[in-house]
Amino acid sequence: QKEVEQNSGPLSVPEGAIASLNCTYSDRGSQSFFWYRQYSGKSPELIMSIYSNGDKEDGRFTAQLNKASQYVSLLIRDSQPSDSATYLCAGNAGNNRKLIWGLGTSLAVNP
Amino acid sequence: DVKVTQSSRYLVKRTGEKVFLECVQDMDHENMFWYRQDPGLGLRLIYFSYDVKMKEKGDIPEGYSVSREKKERFSLILESASTNQTSMYLCASNPAGSYEQYFGPGTRLTVT
């Protein structure tokens, strides 16, 4: 069974701190990974994609991929209350068109 | 910008009714997906389509069918709605060769 696992949280951080969200995956055939943000009652929104080992930065967001450890993370610097949401991690299911989804981590940024 | 729209934001139906949920994308994407999302269960794939008139079952196809007569439109059909199909239904799309999926706003369906 191919899986993507995330801590459900809630992860609580003070405003201005770094939030660190983690994800592990079981399918070594997965090459592409994605972080989605989902506000309560809304649909998931793609915020980061990462395909290679190492770090990828976009504004306050940094995605990290370690294929040897089968580990993906998302760092949010200078966290804001507007970052409070559920963050979903997903990876491709080998050559299949489908994505394998984690259950999400709930993040609360406290003013 | 990718635009995926769904026919309704909220829908209330009675048990046994036939329900149609429609999804339209305006980016000429080949692939389209239907998910349901329930608390504690995450996103679960119901069906997906990689071309007009082509479809594949996802992880939970039972009780659902789909139709894709035109490239931009993908419909989810509940032949006889049941209370356990009360859920948030999400449509997504992406172009061939890409894994990045773009979601519509979702339809919250309540079956009473």
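Look up: the structure comes first, before these words.
Residues numbered from 1 in each chain as written. Chains lettered and ligands numbered in written order. Predicted model: local features only at pLDDT ≥ 70, side-chain atom pairs only at ≥ 80, totals over all residues. Heavy atoms only, no water.

**Student:** Before we go on, may I ask you to explain the packing of aromatic side chains in this structure?
**Tutor:** Each pair of aromatic rings is reported with the distance of its centres and the angle of its planes. What the rule picks out here adds up to ten aromatic pairs over all chains. Centroid distance Phe33 of chain B to Phe48 of chain B: 5.8 Å. Interplanar angle 20°. Geometry classified as stacked. Of this pair, Phe33 of chain B sits in strand β4 (residues 31–38) while Phe48 of chain B sits in strand β5 (residues 42–51); the two residues are 15 residues apart in sequence, bridging distant segments of the chain. Of the two residues, Phe33 of chain B and Phe48 of chain B, neither departs from the other in class, the shared state being buried. Here a set of aromatic residues connected by ring pairs shows up, and it is made of Tyr36 and Trp101 of chain A together with Phe33, Tyr35, Phe48 and Phe103 of chain B. Here the guanidinium or amino end of Arg97 of chain A rests over the ring plane of Tyr50 of chain B, the centre of that ring lying 4.2 Å away. Lying over the aromatic face of Tyr10 of chain B, Arg9 of chain B brings its terminal NZ or CZ to 5.6 Å of the ring centre. (Phe/Tyr/Trp six-rings, centres within 6.5 Å; stacked < 30°, edge-to-face > 60°. Helix = DSSP H or I, 4+ residues; strand = E, 2+ residues; numbered from the N terminus. Buried < 20%, exposed > 50% of the residue type's maximum accessible area, 1.4 Å probe, protein only. Lys NZ or Arg CZ within 6 Å of the ring centre and 35° of its normal.)

**Student:** Quick question: what am I supposed to make of the interface of chain A and chain B here?
**Tutor:** When the parts of a complex come together, some accessible area is lost, and that lost area is often taken as the interface size. Across the boundary between the two partners, chain A contributes 21 residues, which contact 23 residues of chain B. Summed over both sides, the interface of chain A with chain B buries roughly 1,700 Å², with 57% coming from carbon and sulfur. Sorting the residues of chain A by area buried against chain B places Arg97, Lys98 and Trp101 of chain A first, and these three jointly supply 35% of that buried surface. Across the contact surface, chain A and chain B share zero salt bridges. Elements with a contribution of two residues or more to the side of chain A that touches chain B: β4 (33–38), β5 (45–50), β9 (85–92) and β10 (99–101) of chain A. In terms of residue count, the dominant contributor to the side of chain A that touches chain B is β4 of chain A (three residues). For the side of chain A that touches chain B, the per-class residue count stands at nine nonpolar, nine polar and three charged. (Contact = heavy atoms within 4.5 Å. Buried area = accessible area lost by both parts, 1.4 Å probe. Salt bridge = Lys/Arg side-chain N within 4 Å of Asp/Glu carboxyl O. Nonpolar A, V, L, I, M, F, W, Y, C, P; charged D, E, K, R; others polar.)

All quantities given are derived from atomic positions and should not be read as evidence of function.
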